[in-house]
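Residues per chain, in single letters:
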Amino acid sequence: MDLVGSAYLYVLAAVSTTFVGFSALIMTFRQATGGGLSRFESFVTQVFVHLGFLVTAGSLTPPLLALCGLDAGWIWRGCSIGVAVVVGLFGVTYPARRRAVSGAATPLVIRIDAALLAVMALAFVSNAAGWPTAPGAGLYAFGLTGTLFVTGLGYLHALGGLSRGVPGDRNDAGA
C-alpha cells in the first residue's frame, strides 16, 4: 500500500540528511581552522544534527508504518503526536539549554526560532486532532518542512553568532 505523500516525504528525508551532513561539515572546517571545537560549538553542531535527523525520521516513519499495514489515519495521528512532542519539547527547552552551555542570554532571534518550532509542534497537534481537516499528509509534511526551514534559519543565526563570538565561548569577541 502506497501512502499518500510518501514521495514528498522521501525527498524531504534526503534533503534533511544532506542538511545534517552539510552542517556537520561546516563545523568540521571551523574545527580544522580554529584548533578544536568549543563546548558551545559542539552544542550547536549537536542541535542541528538532532533536528535534521528528527526531520529524516519523521519523514521515513509514515511510509514504514504503511508497509506494516497500519491504517493511514492512525499513521498520521500517531506520527503527528510523536513529532509534536519532540519538536515542542525541543523548542521550549532550547533557550535554557543554550544559556547553560554559552553562559549568556539567548538572543531574541534565536528565541524567535524556538517559538517557530513551537508553532510547527502546533501544526502536528492540529493534524493529530483532525482540525481543520482530517489527519493526513499535507499538514504533517508542512510541519516537517517548516521544522527543517526553521532549523536552517537557526543554523544561519548560529553561524552568525559564532563568527561574532558568543559570550563565554572560547572565541568570545565580546558580542
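Residues numbered from 1 in each chain as written. Predicted model: local features only at pLDDT ≥ 70, side-chain atom pairs only at ≥ 80, totals over all residues. Heavy atoms only, no water.

1. Examining the side chain of T151
Okay, so step 1: Its place among the elements puts T151 in helix α5 (residues 137-164).
Okay, so step 2: Of note is the side chain of T151, whose polar atom sits 2.6 Å from the backbone oxygen of T147.
Okay, so step 3: T151 has contacts with F19, F48 and L51, leaving out every residue within four places of it along the chain. (Helix = DSSP H or I, 4+ residues; strand = E, 2+ residues; numbered from the N terminus. Polar contact = N/O pair within 3.5 Å; in protein donor to acceptor, adjacent residues only side chain to side chain. Contact = heavy atoms within 4.5 Å.)

2. A word on helix α3 (residues 72-102)
Okay, so step 1: With 31 residues, α3 extends 43 Å between its outermost C-alpha atoms, agreeing within 8% with the 45 Å of an ideal straight helix rising 1.5 Å per residue.
Okay, so step 2: Within α3, the axis deviates most sharply at Y94, by approximately 45°, and proline P95 lies no more than four positions further along.
Okay, so step 3: Taking the backbone nitrogen of G73 as reference, a side-chain oxygen 3.1 Å away marks D71 as the first, capping residue of α3.
Okay, so step 4: Downstream of α3 by a residue or two, G103 has a phi angle that is positive, lying close to 75°. (Expected span 1.5 Å × (residues − 1). Bend = angle between axes of the 7 residues up to and from the residue.)

3. Describing the packing of aromatic side chains
Okay, so step 1: Here the structure, examined in full by the defined rule, presents seven aromatic pairs.
Okay, so step 2: On the basis of an interplanar angle of 80° and a centroid distance of 5.7 Å, the ring pair of F19 and Y155 is categorised as edge-to-face. Here the residue F19 occupies a position in helix α1 (residues 6-34), and Y155 occupies one in helix α5, the gap between them amounting to 136 residues. The exposure classification of F19 matches that of Y155, with both residues buried.
Okay, so step 3: Both rings, one in F124 and one in Y140, keep their centres 5.6 Å apart while their planes meet at 65°; by these two values the pair is edge-to-face. Note that F124 is positioned in helix α4 (residues 108-129) and Y140 in helix α5, a separation of 16 residues in sequence. Of the two residues examined, F124 and Y140, each falls in the buried class.
Okay, so step 4: Three or more aromatic residues link up through ring pairs in this structure, and these residues are F40, F43, F90 and Y94.
Okay, so step 5: Looking at R97, its charged tip hangs above the ring of F90, at a distance of 4.6 Å from the centre. (Phe/Tyr/Trp six-rings, centres within 6.5 Å; stacked < 30°, edge-to-face > 60°. Buried < 20%, exposed > 50% of the residue type's maximum accessible area, 1.4 Å probe, protein only. Lys NZ or Arg CZ within 6 Å of the ring centre and 35° of its normal.)

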